[in-house]
Amino acid sequence: MEDQVGHCEKSWILHHIMDRMIGSRKLVDIRRKLILIDEYLFNENSVVKKIFAGSLSEGFSQLPGSDADMMFVNNKMRVMCSNQDIYPLSPHGRDITLFVMRNAASRPCYVKLELFQMSRLCSEVILESIVPDRDVYFISSEIYTEKLRALYSTGMYTEMTTNGPATTFNMNEFHDSDCVSCFKCESWPPVANEWLNRPRHYGWPDKASIYDISQNGCHLVPVGDKASGDAFLQWRISFATAERKLVHSLSHEQFLTYGLLKFFLKQISERLKDIIGDADILSSYIMKTVVFFAVENTPLLFWKEENTFLCFMLCLKILIAWINAGYCPHYVIIGNNMFQGKLNGRNKQKLLECLMELYHMNWRCLSVGTFIQPSIGDRIDSVMDGVWKGLLRPPQDEEIDCDMEVFSTIHISTKQLGRPLSLLSKSQSDLEEFTAYRQIVVSLSCKGMDTFGEYITRKGNKEKYNKSIRKCKTFMKPLAAVSTSPGQLILATYYYQTGNYMKSLELCRDMISKYKVYVGIGSKSIDKDRYQQICCGRGYSLLQKYQMAIVLEMILTKNYDFCPSQLHDELTKCIDHVSIPPLPYAIFLSFLCYHELGDTRRRDSALVHLRTVKYDKEQGCTPHWIVHNLIGLCYEMVQDTPRAIMEYSDSLSGGIYFQSMNPSKARIERLKNCQ
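All chains use their own residue numbering, which begins from 1 and follows the written sequence. Selection of residues for local features in this predicted model requires a pLDDT of at least 70, selection of side-chain atom pairs for listing and counting requires 80 or more, and totals for whole chains, interfaces and linings are taken over all residues. The basis for every side-chain value is the complete set of heavy atoms in the structure, and neither hydrogens nor water enter the calculation.

Asks: Hey, could you go over the overall build of the chain for me, with residue numbers and the actual values?
Replies: Secondary structure elements are taken from DSSP: a helix is a run of H or I of four residues or more, a strand is a run of E of two residues or more, and numbering for both begins at the N terminus. Secondary structure assignment for the chain yields 27 helices and 15 strands. Its C-alpha radius of gyration of 28 Å places the chain within 12% of the 26 Å reference for a compact globule of 675 residues. Seen through its principal axes, the chain has C-alpha atoms that stretch 80 × 75 × 55 Å. Here the chain holds 675 residues, and 53% of them are scored as buried. We call two residues in contact whenever any of their non-hydrogen atoms come within 4.5 Å of each other. Taking the contacts inside the chain whose residues are at least 6 apart along the sequence as the reference set, 67% of them involve residues at least 24 apart. When the accessible surface of the chain is totalled, it reaches about 30,700 Å², and 51% of it is carbon and sulfur. For the chain, the distance from the average position of its 78 positive side-chain charges to the average position of its 75 negative side-chain charges is 5 Å. The size measure is the radius of gyration over C-alpha atoms, and the globule rule it meets is 2.2 Å times the number of residues to the 0.38 power. Accessibility here uses a 1.4 Å probe with only protein chains present; expressed as a share of the type maximum, an area under 20% marks a residue as buried, one over 50% as exposed, and anything in between as partly exposed. Computed by Shrake-Rupley with a 1.4 Å probe, the accessible areas treat only the displayed protein chains as cover when residues are assessed. Only four residue types enter the tally: Lys and Arg on the positive side, Asp and Glu on the negative side; His and the chain ends are excluded. Lys charges are placed at NZ, Arg charges at CZ, Asp charges at CG and Glu charges at CD.

Asks: Let's hear about the pattern of salt bridges: which residues, and what values?
Replies: By convention in these notes, a salt bridge is any Lys or Arg side-chain nitrogen within 4 Å of a carboxyl oxygen on Asp or Glu. Here the structure, examined in full by the defined rule, presents 32 salt bridges. Of the charged contacts, one joins E296 and R198 as a salt bridge, the two residues approaching to 3.4 Å between their closest N and O atoms. Of this pair, E296 sits in helix 10 (residues 284–296) while R198 sits in the loop between helix 6 (193–197) and helix 7 (207–215), and the two are 98 residues apart along the sequence. As far as burial versus exposure is concerned, E296 and R198 are alike and both buried. For E570, the salt bridge goes to R667, with nearest N and O atoms at 2.7 Å.

Asks: Provide a residue-level description of empty space enclosed by the protein, including the pertinent values.
Replies: A pocket, in this scheme, is an open set of points on a 1 Å grid over the protein atoms alone with protein on both sides within 12 Å along at least 5 of 7 lines, while a cavity is a set where a 1.4 Å probe fits but cannot get out; residues line either one if an atom lies within 4 Å of a point. Grid points are joined across faces, edges and corners, and a volume is the space filled by probe spheres set on the points. Throughout the structure, instances matching the rule amount to three cavities of 30 Å³ or more. Here the largest cavity defines a volume of roughly 40 Å³. Residue lining of the largest cavity: L260, F263, F264, Q267, C365, L366, V368 and I376, and that is the complete set. Among the elements that take part in the lining of the largest cavity, helix 9 (residues 252–276) stands out by supplying four residues, more than any other. Asp, Glu, Lys and Arg are counted as charged, while Ala, Val, Leu, Ile, Met, Phe, Trp, Tyr, Cys and Pro are counted as nonpolar; the rest, among them Gly, fall into the polar class. The residue inventory of the lining of the largest cavity, partitioned by class, reads seven nonpolar, one polar and no charged.

Asks: If you had to explain the pairing of strand 15 (residues 577–580) to someone new, which residues and values would you point to?
Replies: Because side chains alternate across strand 15, one face comprises the buried residues V578 and I580, and the other comprises H577 and S579, none of which is buried. One ladder, built from four bridges, connects strand 14 (residues 554–557) with strand 15; its direction is antiparallel. Across the sheet, residue M554 finds its bridge partner in strand 15, namely I580. Note on pairing: two strands pair once DSSP finds at least 2 bridges between them.

Asks: Provide a residue-level description of the packing of helix 18 (residues 484–497) against helix 19 (residues 501–513), including the pertinent values.
Replies: Angles run from 0 to 180 degrees between N-to-C directions of axes, and those axes are lines fitted to C-alpha atoms, restricted for helices to the stretch in contact. Following both chains from N to C, one finds helix 18 and helix 19 inclined at 160°, their axes separated by 7 Å at the closest point. Comparing their axes, helix 19 and helix 18 come out roughly antiparallel. Seen along the crossing, helix 18 lies across helix 19 with a hand that is left-handed. Contacts between helix 18 and helix 19 involve T484, S485, Q488, L489, L491, A492, Y495 and Y496 from the former and Y501, K503, S504, L507, C508, D510 and M511 from the latter. These descriptions rest on fixed angle ranges, namely under 35 degrees for roughly parallel, over 145 for roughly antiparallel, 65 to 115 for roughly perpendicular, and the rest for oblique. Left-handed is the label given to a crossing in which the near helix is rotated counterclockwise from the far helix by less than a right angle, and right-handed is the label when the rotation is clockwise.

Here you go:
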């Protein structure tokens, strides 16, 4: 009995450790809602629909080594099941390229896509991927993936790689992003009908979820079955959106167990590599599949805090049984063995022995590995020894964590107003109201920046010109009213470009003098004490907190007329916009204003200030190479070429974000040629 009490106590501690590491129920819910809101806003009137997948979409934070996956679905492509009535589309649907699933003589989740109707507006990538096979035409997954990789590499100014169906680009030294271009099938594929009718004795997933999932069909992703001899033409049926809904339907205790399995896999990856020679033989996807089957076949009452370790061990036992059988069933298409082609007699036995050893270690298996330090097992022991600090989250910490999750993930870049207005009108939470309203004022500001270029080049009636320019400012003011950065800095840029340098300086000084919390690219250690002092526990709305305490990156869209001319090289190399930390940008813009006013003393002081800010841990040069560029541009303007070259050289070797878009190399060559 005493052992049972101790076991329950340790499981309770384990539950709360995972809750701190992964996130509270409320925080996980916010992450998921933000993902869905982002998709809803981005996909308005978009030919290519964006769908988040992977760990982030499920509600996990982005940990080292985790993935940031996105699926892009071209609405001009469509797939039909072979059992459907296939007929030519109406004239209105002639802009749709239509494929039909055909048997691929492979595992049940792989198919070939036969071309049935070609759109008049079909992309070059699609056209070049179509290959004949006897008297019919199929689209090759291999050709399609390679064509996309080459296209993305050109657009992103960096060499990208392919990873299964995904095109992968390095976001920074910690994270990769996988982009999968796929096709939508509106129908539920017959090969997955067993999942719809499977006996479920414990009511998960419920009938409403099953119906909803079945009505949303599936996707086809460009990857073939490597275990077959015909992967060149094969595409895989993907249930990524269905699986995301299933993860979202898990209880918090079930979700934390899934997270524990993911952490466990990270911890044993080096051991698997040493023993088997392949750390990827087990994947996070397999762990998710284990959880789905475990939840489907156990009562909800089993998944409670004091059973956390038992739940984990149950999942580990299921995985061991699958390895022993050499069969890992796909959750939706149970006839698909995900171990096929991966698990042979030699590595099967080694893997089985490795996991059996870990299973028999009982609690000590949570102390294996060095990927997470201290290990989960060590954290449990520490609490058992009386070090309770850090186990339970103080109420104010949860408020801060939830708020920062919102402020750090609201960089939605869409200029459409329809869906933000719709979301605002039917919003039922502070989160929905804030994200919708902020997106509306961001869209208006973008409209102001876009139309600025149209008006600034017009000639003719001066009164009409001034009226048009003032209209641009009117578009920018709502964002400036709720945001120091980017809002007020965008307005400061407007004043600079229209020659009102004193007004621009006034707004820049406001940014420089007011200490606010920077939440953006490169921010690692949020000043929680400062934020708590300003905002927490006072009943403020997210909009009020955002206005009082938060600054984000300064965003300059690819608009050469609105952006200061000194930064045109950065615009040329960027994809859509340039992001600059707000404090360096405000000082740089002050430098430009003083330069135009002929105030060399204050201009030089601004340069000294900018050189100091380059050492800032959050907004300085270490995470942001562009800060070196700002300093280099200032040195160019004061005709100090050697120091300008030095800053551009440092820029090429510093900063971890989007270095491929750095124009410093060309600037160095230009300056050296002019010497």
